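Next come the chains, spelled out residue by residue.
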Amino acid sequence: EPIYLEGKKDGVLVEIAMQYNDGYIENFFSYANNIHTQEGGTHEAGFKAALTRVTNDYARKQNILKNNEANLTGEDIREGLTVVVSVKVPEPQFEGQTKTKLGNSEIRSIVESITNEGLSIFLEENPALGKKIIEKGIQASRAREAARKARELTRRKSALEVSSLPGKL
């Protein structure tokens, strides 16, 4: 089931629909006054920041993430997520001629607060789904960390093999 959040603040209407799937690709679609903002902008940044903060806070509250463990990154949480963020802004300020990036700085905090409130309530009301979301994020985090270690190991091996030092050293 898609998660739907909606709110209005300071004359700005915010609508967010999000749904997780089994895939690993993040699909993000953002709109400002029904104009597709392919490059994102402040509304997209606000949503991503709030999603990361709320999810990490929820994971700590539920003791899924322990105190000694690092927080999940935004990329980990958004893996396999499809999101549509739409804002209706009275006076939009677009960056560039193509109008593909929203530049209103106040929109970030509005989207962030509406996402914070709505998602917090949703996770509290749906603990089973919240746990699944956190576990998917933890799995993505472990995969990212394993890939990083494998890269480092490969680089270290090739650096040792190339050296012109005699084998006895």
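Before any of the text, the structure's been laid out above.
Reading guide: rules and limits
Residues numbered from 1 in each chain as written. Predicted model: local features only at pLDDT ≥ 70, side-chain atom pairs only at ≥ 80, totals over all residues. Heavy atoms only, no water. Phe/Tyr/Trp six-rings, centres within 6.5 Å; stacked < 30°, edge-to-face > 60°. Helix = DSSP H or I, 4+ residues; strand = E, 2+ residues; numbered from the N terminus. Buried < 20%, exposed > 50% of the residue type's maximum accessible area, 1.4 Å probe, protein only. Lys NZ or Arg CZ within 6 Å of the ring centre and 35° of its normal. 1 Å grid on protein atoms, 1.4 Å probe; cavity = no way out; pocket = protein on both sides within 12 Å on 5 of 7 lines; lining within 4 Å. Points joined across faces, edges and corners; volume = space filled by probe spheres on them. Nonpolar A, V, L, I, M, F, W, Y, C, P; charged D, E, K, R; others polar.

1. A look at the packing of aromatic side chains
Step number 1: Counted under the stated rule, the structure contains one aromatic pair.
Step number 2: Considering the side-chain rings of Phe28 and Phe47, the 5.7 Å spacing of their centres and the 65 degrees angle between planes classify their relative orientation as edge-to-face. Taken together, the residues Phe28 in strand E3 (residues 27-32) and Phe47 in helix H1 (residues 42-61) connect sequence positions 19 residues apart.
Step number 3: On the basis of relative accessibility, which here comes to 17%, the residue Phe28 falls in the buried class.
Step number 4: Over the face of the ring belonging to Phe28 we find Lys48, whose NZ or CZ atom lies 5.1 Å from the ring centre.

2. Comments concerning unusual backbone geometry
Step number 1: Of note, the phi angle at Asn33 is positive, near 50 degrees, even though the residue is not glycine.
Step number 2: Classification of Asn33 as partly exposed rests on a relative accessible area of 26%.
Step number 3: The backbone of Lys99 shows a phi angle near 55 degrees, a positive value even though the residue is not glycine.
Step number 4: Its location among the elements puts Lys99 in the loop between strand E6 (94-95) and strand E7 (101-102).

3. Brief notes about the layout of surface pockets
Step number 1: Within this model, the largest pocket holds a volume of roughly 220 Å³.
Step number 2: Among the elements of the structure, strand E2 (12-20) and helix H4 (127-162) are those that each provide at least two residues to the lining of the largest pocket.
Step number 3: For the lining of the largest pocket, the leading source of residues is H4, giving four residues.
Step number 4: Grouping the constituent residues of the lining of the largest pocket by class yields five nonpolar, two polar and four charged.
Step number 5: Estimated volume of the second largest pocket: approximately 160 Å³.
Step number 6: Ile64, Leu65, Glu69, Ala70, Leu72, Ile138, Ser141, Arg142 and Glu145 are the residues that line the second largest pocket.
Step number 7: Per-class residue counts for the lining of the second largest pocket are five nonpolar, one polar and three charged.

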